[in-house]
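Coordinates in review
Each chain, letter by letter, is given below.
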Amino acid sequence: MPLYAGVMSGTSLDGIDLVLVEQTTEPRLLETHYLPMPEPLRQSLLALCSSGPDEIVRSALAEQHWVRLAAQGIQELLEKAQRPASSIRAIGSHGQTIRHMPQEGFSVQIGNPALLAELTGISVVADFRRRDLAAGGEGAPLVPAFHEALFAHPSRVRALLNIGGFSNVSLLTPQQAVQGFDCGPGNVLMDLWICHQKGLSYDAHGAWAATGRVRPELLTQLLSDDFFAATGPKSTGRERFNLTWLKDHLAVLPHSLPAEDVQATLLELTARSISDALTRTQPQAEDIFVCGGGAHNTKLLERLQQLLAPSTLQTTAALGVDPDWMEAMAFAWLAHCCLEGIPANRPSVTGALGLRILGAIYPA
Ligand SMILES: Nc1ncnc2c1ncn2[C@@H]1O[C@H](COP(=O)(O)OP(=O)(O)OP(=O)(O)O)[C@@H](O)[C@H]1O
Ligand SMILES: [Mg+2]
């Protein structure tokens, strides 16, 4: 049975997730590996997420640094699994998004797939988003097809919710085309605020947010962003939701707020933007399954469960998929779809003109 590796380096910039998957009728997870993002690389990538001088050279250098790390990750993954490179049919590599501007017709993922193929000796499938954008789509989210293939249920209405840097949802309704869209910021604003205030990379289990109070005046202000009320297809990124965005909204308030109240309000923003979007687009969702790093935020999950009751909220572990590895598994599957000629975008999600085969192949 063919083996694929999946490499996901998400918008949180926390690190690179790697998986080894056996693709039978259903993908089977054989091994996992995680490499935290070294701080200098993290800073270079973050700087590339907004306009600045000499972007072409900085981006070419950053992607070489990134791809060497990804290649090291593949090597360690294969050592753990005790499999030779020759046993892997392809690596599905998402690359690192440094700009996502679908309204301008583009989304940029760097990750030098040619060098990844050269360093690993394994064929690489990359550049998954641009064909959908070329066909008039958002190029995102791409995981709904994978969620549909694995988790669509003949009679139950299911929602898959990924809470990474940003949050996105896949709505699986029996006998209907899958729907999906980005809901808004997932962890990104909470991460930025706790880093700005305390120098920490994230708010473990939402513990700091739990010490603060949700401020309705700030919440209303933040929710007034047009993105939240827009109907899909829609996708977003750091171009829109960033520290400047938050500070601009804070500056409009007539008084300053305790930092922990801001954090509590940002957690509420993540929860409300998800629950508002879900109840508006699929009020019948019975089972909601969460994946991504946000699945570890106990406080956030508690709040989501309150807002979404009587629907039940569980992590994707209940479906047999570890919530930390879902996205990387999706990119291993997308590589398989590319090589098999299976279209993997969903026009009902991205708004593309039609089904398209996603990805570009860099043979070993
Ligand atoms: N124990 C925890 N408590 C609270 N938040 C956590 C915890 N562990 C991880 N996180 C959050 O999850 C984030 C990482 O999530 P994840 O890797 O899914 O996002 P990502 O890399 O942006 O992925 P993608 O863009 O593919 O969705 C961290 O930045 C942090 O905010
Ligand atoms: Mg990540």
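Residues numbered from 1 in each chain as written. Chains lettered and ligands numbered in written order. Predicted model: local features only at pLDDT ≥ 70, side-chain atom pairs only at ≥ 80, totals over all residues. Heavy atoms only, no water.

1. Brief notes about the overall build of the protein chain
So the rule is basically this: Strands here are runs of E lasting at least two residues and helices are runs of H or I lasting at least four, both read from the DSSP assignment and numbered beginning at the N terminus. For the radius of gyration, the atoms used are the C-alpha atoms, and the globule rule reads 2.2 Å times the number of residues raised to 0.38. Only protein chains enter the calculation, and the probe is 1.4 Å; a residue is then buried if its accessible area is under 20% of its type maximum, exposed if over 50%, and partly exposed in between.
Within the protein chain, the regular secondary structure consists of 14 helices and twelve strands. The C-alpha atoms of the protein chain give 20 Å as radius of gyration, which agrees with the globular expectation for 364 residues (21 Å, within 12%). When its C-alpha atoms are laid out on the principal axes, the protein chain stretches across 60 × 50 × 40 Å. A buried classification covers 56% of the 364 residues belonging to the protein chain.

2. A closer look at the pattern of salt bridges
Put simply, the test is: The term salt bridge refers to a side-chain nitrogen of Lys or Arg lying within 4 Å of a carboxyl oxygen of Asp or Glu.
A full pass over the atoms with the stated rule returns 13 salt bridges. Between Glu340 and Arg89 there is a salt bridge, with the nearest N and O atoms lying 2.7 Å from each other. Here Arg89 lies in strand E4 (residues 88–101) and Glu340 lies in helix H13 (residues 326–340), a separation of 251 residues in the sequence. What makes Glu340 partly exposed here is its relative accessible area of 42%. The partner of Glu217 in a salt bridge is Arg215, and the shortest N-O contact between them spans 3.7 Å. Residue classification places Arg215 among the buried residues on the basis of a relative accessible area of 16%. One continuous salt-bridge network, built from bridges that share partners, spans Arg156, Glu286 and Asp287.

3. Comments concerning the sheet that holds strand E11 (residues 312–315)
Cut-off, in case you're wondering: Two strands qualify as a pair provided DSSP detects at least 2 bridges between them. What counts as an axis is a line fitted to C-alpha atoms, over the stretch in contact for a helix, and the angles between N-to-C directions run from 0 to 180 degrees. Note on contacts: a residue pair qualifies if any of its non-hydrogen atoms lie within 4.5 Å across the two residues.
Read from one edge to the other, the open sheet built from five strands follows the order E9-E8-E7-E10-E11, with strand pairing classed as mixed. In the strand order of this sheet, the two ends are held by strand E9 (179–185) and E11, each with one partner. Strand-to-strand, the axes of this sheet are offset by a mean angle of 20°, without reference to chain direction. Sheet topology places strand E7 (residues 158–163) next to strand E8 (residues 166–172); six bridges connect them, and they run antiparallel. Within the sheet, the bridge partner assigned to Ala159 lies in E8 and is Leu171. In the packing of helix H12 (residues 298–308) onto the sheet, the strands contacted are E7, strand E10 (287–291) and E11, and the crossing angle to E11 comes to about 150°.

4. Overview of unusual backbone geometry
For the peptide bond that leads from Ala140 to Pro141, omega is -15°, which places it in the cis range. Relative to the assigned elements, Pro141 resides in the loop between helix H4 (130–134) and helix H5 (144–151). The peptide bond linking Ala309 to Pro310 adopts the cis configuration, its omega dihedral lying at 10°. Note on placement: Pro310 falls in the loop between H12 and E11. Here His205, not a glycine, exhibits a phi torsion of approximately 60°, which is positive.

5. Points about the packing of helix H1 (residues 39–48) against helix H2 (residues 55–81)
Convention followed: Our angle categories are set so that under 35 degrees counts as roughly parallel, over 145 as roughly antiparallel, 65 to 115 as roughly perpendicular, and the remainder as oblique. In this scheme the handedness of a crossing depends on how the near helix is turned from the far one: anticlockwise by less than a right angle means left-handed, clockwise means right-handed. Each residue gets one of three labels, nonpolar for Ala, Val, Leu, Ile, Met, Phe, Trp, Tyr, Cys and Pro, charged for Asp, Glu, Lys and Arg, and polar for the others, Gly among them.
Packing of H1 against H2 brings their axes to within 10 Å, and their N-to-C directions diverge by 140°. The angle between the axes of H1 and H2 places the two elements in the oblique class. H1 and H2 meet at a crossing whose hand is left-handed. Contacts between H1 and H2 pair Leu41, Ser44, Leu45, Ala47 and Leu48 from the former with Glu55, Arg58, Ser59, Ala62, His65, Trp66 and Leu69 from the latter. Class assignment for the residues of the contact of H1 with H2 results in seven nonpolar, three polar and two charged.

6. Details of the UniProt feature "binding site: ATP" (unreviewed entry) in the protein chain
The following threshold applies: UniProt positions are given in the numbering used here, feature names are shortened, and annotations may be inferred rather than shown by experiment.
Feature annotation in UniProt places "binding site: ATP" (unreviewed entry) on Gly10, Thr11, Ser12, Leu13, Asp14, Gly15, Ile16 and Asp17, given in this structure's numbering. Sequence-distant contacts of Leu13, that is, excluding residues within four places in its chain, are made with Met37, Arg42, Leu45, Leu46, Gln96 and Arg238. Within the secondary structure, Asp17 sits in strand E2 (residues 15–23). Ignoring any residue separated from it by four or fewer positions in sequence, one finds Asp17 in contact with Gly6, Val7, Met8, His33, Tyr34, Asp324, Trp325 and Ala328.

7. Some remarks on the site of ligand 1
Applied cut-off: A molecule or strand has a residue near it when one of that residue's heavy atoms lies within 4 Å. Polar contact is defined as a pair of N or O atoms within 3.5 Å, subject to the rule that within protein one atom must be able to donate a hydrogen and the other to accept it, and that residues adjacent in sequence are counted only when both atoms are side-chain atoms. Throughout, the Shrake-Rupley method with a 1.4 Å probe supplies accessible areas, and for residues the shown protein chains are the sole cover considered. Boundaries between domains were set according to an automatic or database domain assignment.
With respect to spatial proximity, 20 residues lie near ligand 1, and among them Ser12, Gly165, Asp191, His205 and Gly293 are the closest. Asn162 has a polar side-chain atom sitting 3.0 Å from an oxygen atom of ligand 1. At 2.7 Å, a backbone N or O of His205 approaches a nitrogen atom of ligand 1. Contact with the protein chains hides 88% of the accessible area of ligand 1, taken as 650 Å² for the molecule alone. Looking at the shell around ligand 1, you find at least three residues from each of domain 1 (3–139 + 325–362) and domain 2 (142–319).

8. Thoughts on the domain arrangement of the protein chain
How we decide: Summed over both partners, the accessible area (1.4 Å probe) lost when two parts come together is defined as the buried area.
Under the domain assignment used here, the protein chain contains domain 1 (3–139 + 325–362) and domain 2 (142–319). A C-alpha centroid distance of 23 Å is found between domain 1 and domain 2. Contact with domain 1, which involves 29 residues of that partner, is made by 28 residues of domain 2. For the pair domain 1 and domain 2, the two sides together bury roughly 2,300 Å², of which 64% comes from carbon and sulfur. It is Thr11, Met326 and Val349 that lose the most area in domain 1 upon contact with domain 2, and together they represent 26% of the buried surface on that side. Counting across the interface, domain 1 meets domain 2 through one salt bridge.

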